[in-house]
Amino acid sequence: MSDSLLAVLNSQQKKAVTLPVSNPPAHGLILAGAGSGKTRVLTTRAAWLLATGQSAPHAILAVTFTNKAAHEMRSRLASMTTVSLHALWIGTFHGLCHRMLRLHHQEANLPKTFQILDRADQLSAIKRLVKEMSVDDEKHPPRDLLYFIDAHKEEGIRAYAVEAWDNFSRQRKEIYEAYEAQCQREGAVDFSELLLRAHELLSSNEPLRRHYQERFRHILIDEFQDTNRLQYEWLQLLAGKETTLFAVGDDDQSIYAFRGAKIGNMRDFERRYAGERIIRLEQNYRSHGNILGAANALIRHNRERLGKNLWTEADAGEPIRVFPACSDLEEAAAIAEEIDALKQDGNPYDSVALLYRANAQSRALEHELFIRAIPYRVYGGLRFFERQEIKHALAYLRLIANPADDTAFLRVVNFPARGIGARALESLQAIARQRHTCLYDAAASLSGKAGMAVSGFIRVVNLLRQEKARLTLSELVEQMLESSGLTAHYQADRKKENQERLENLDELINAAALFTAGETDMAESTADPLLAFLSHASLEAGEYQAGINESAVQLMTVHAAKGLEFDHVFITGLEEGLFPHDNAVDDNAQEEERRLMYVAMTRARRRLYLTRAESRLLHGQRRYCLPSRFFQEIPSEFLKNAFSSSFSRASMSDAAAERNAAPSFPPEKTPELPGGLRIGMNVRHATYGFGVIVDAEIQCAEEARVQVNFGSNGMKWLALPQARLEAA
DNA sequence: TGGGAGTGCTTTTTT
DNA sequence: AGCACTCCCA
């Protein structure tokens, strides 16, 4: 059993996987370069522990950084072993801490129904607090306060322990204190609070700590370079005398220092635990030689490194293709043409990834892909559970679960509009403050016209609270959408965006049904499916994707691409100020940008494209940009100018021709079609919905036909007189 | 009270 | 440019 597990590993990987467990305590640190089989080693380590009988499933704890990684690890592990993994804990730091807090909510001094605040919730809670405290929000912008609070929590510092030396810092400390009190009163827990509360729970409760220390004999940690101080300390609390820590990481891929990740944790881990048991995985199985050589050369410009050099047995492969475009539009067009060429050569769309530094860059790329009917999917950006209409719906659900949730209350008390205005809410908040109750409870005492309006809202929530027991989760969601008036509200005005919102609300019902059918993890920590669903929505906002997986080009930020790999990768927007980003001013930040570029490059298996634009529309203004310094940091022997495809302007690798081409883009005027339509115009069709005209055939006005891309409803040829298209 | 116009700001990411 | 938030008017 264990032999077949190990057979596919190289000697270093094997050494890592089989690091002896006994002669206590034998910890290990695996420095695993990009594409060196990091996930495989981590997963095989767990499988090996199980297969050799050195560990029972319940004695293993595996920590990852993202939900995606956690899911992948569980499914890969499931395929490697016949043992039931039910008792094995795999999750993100936040997910695992949440689980502990649900299981021990009493010991953690939290109500059973505590709710998780995502960033947007947290920000609105802070805004509300700032208003209530009459804080000058010019002096203390809510956003700054959020960073201040989060940063302290992630260093493990409570409000009382914050050092204050002048008026300004005293005020911030006070606001932090008030924020803690408000969250506690409302049963609200933000992301960093999950970590801090779980940490405090373990450090203050010795029996509980001992319980977990004795339970978890093997702690496996992925992406260790991204852990912050609090996460590292939480791990240390969990590690008892008999526990072994097995950490995998790559300092060259640390890209979250800007939000508190400490690369120094790796050195500390080395000193404190790993000692001599450090294993380097330097053989890369992913990329061709040129790609790897270029990435190695780039990262050598960083000073702060533990040191490591990747090599591969693969041949050099193709050179890295560089394309300088004159504008962001041309950059997008060139990429789209190249994707078409790749597709012609038999490469599926999903073998291609478009990476960029900032989410805002996706728009131009998306537009071009849409015009050319190249299927694509954008990862990140606005996630399903973060959409406005979904947040409204979730607020109703949160009130059903926990009426003390004032953030949720305020979000929907007057949405859809019920005639409850600012004045009514002010008096309601005054009552609540005076009686130390939540808004929901205070509502009963509100008199007059405002009282009537609010009590209508309370009735809706109350009714749903009663219905909750008899309905399944998805029925409850459906019922809520009806009786809250959300569905009716979006139906009232048949705009394009409302149509989309209704579809999303429908999708929420699906998501609830799917969740009930699939989720097992949460069931253990809370018996209430509604609570579990709400936690899921906060913790895995991005995980839920509506629709099926057709083969599509993948668009995402470089951050989101970490841990993934693709045959063909385009790194776009390689300009000074964008990548590396303007915000990266000091040396540390510059090195982080370079690590980011290193991550981006090492995603590619076969072909890597580097593109840039000489001018780009940014914040509504055209900016002229210099090439990224990264071009100079990659030896030219790895690079080749221009594209391989027949892109019309690609032959112009010399700068002069390039500049000449500038005025010809965006494209030449298209002839006007009957009815005032043009190619490229957005239109609406009674059956297919919204689309864009991509082509036309005109014999005469009576026989004109247009080709319209209706997005998910497909590409259609329509006879113009019959189609009744209206400009949208 | 609610919608519409006007103003000001825009941060890389994940949980 | 696009969006969120504010202010003003019906």
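First, a word on scope: everything that follows refers to the structure included in this document. (Residues numbered from 1 in each chain as written. Chains lettered and ligands numbered in written order. Predicted model: local features only at pLDDT ≥ 70, side-chain atom pairs only at ≥ 80, totals over all residues. Heavy atoms only, no water.)

Taken together, K127, R363, H619 and G620 are the residues near DNA strand C. Sugar plus phosphate: this is where 31% of the atoms of DNA strand C within 4 Å of the protein reside. Separating a phosphate oxygen of DNA strand C from a side-chain N or O atom of K127 is a distance of 2.9 Å. A per-class count over the surface near DNA strand C returns no nonpolar, two polar and two charged. (Near = heavy atom within 4 Å. Polar contact = N/O pair within 3.5 Å; in protein donor to acceptor, adjacent residues only side chain to side chain. Nonpolar A, V, L, I, M, F, W, Y, C, P; charged D, E, K, R; others polar.)

Okay, the state of the cysteines next. Disulfide: a covalent bond formed between the sulfur atoms of two cysteine residues. Summed over all chains, the structure comprises zero disulfides. C326 takes part in no disulfide bond, and the closest cysteine sulfur, belonging to C625, lies 12 Å away. Using a relative accessible area of 8% as the deciding quantity, one classes C326 as buried. (Disulfide = S-S within 2.5 Å. Buried < 20%, exposed > 50% of the residue type's maximum accessible area, 1.4 Å probe, protein only.)

Take the packing of aromatic side chains next. This structure, assessed with the given rule, holds 18 aromatic pairs. Ring centres 5.6 Å apart and planes at 80 degrees place the aromatic pair F224 and Y232 in the edge-to-face group. With respect to class, F224 is no different from Y232; both count as buried. Where F415 meets Y490, the ring centres are 6.3 Å apart and the plane angle is 45 degrees; that geometry is what we call tilted. Of this pair, F415 sits in the loop between α17 (406-412) and α18 (422-435) while Y490 sits in helix α22 (residues 486-492), placing them 75 residues apart in sequence. Accessibility classification places F415 together with Y490 in one group, the buried group. Grouping aromatic residues by their ring pairs yields a cluster made of F65, F93, W234, Y256 and F258. R102 extends its terminal NZ or CZ atom over the ring of F114, reaching a point 3.9 Å from the ring centre. Here the basic side chain of K343 rests over the ring of Y349, its NZ or CZ set 4.7 Å away from the ring centre. (Phe/Tyr/Trp six-rings, centres within 6.5 Å; stacked < 30°, edge-to-face > 60°. Helix = DSSP H or I, 4+ residues; strand = E, 2+ residues; numbered from the N terminus. Lys NZ or Arg CZ within 6 Å of the ring centre and 35° of its normal.)

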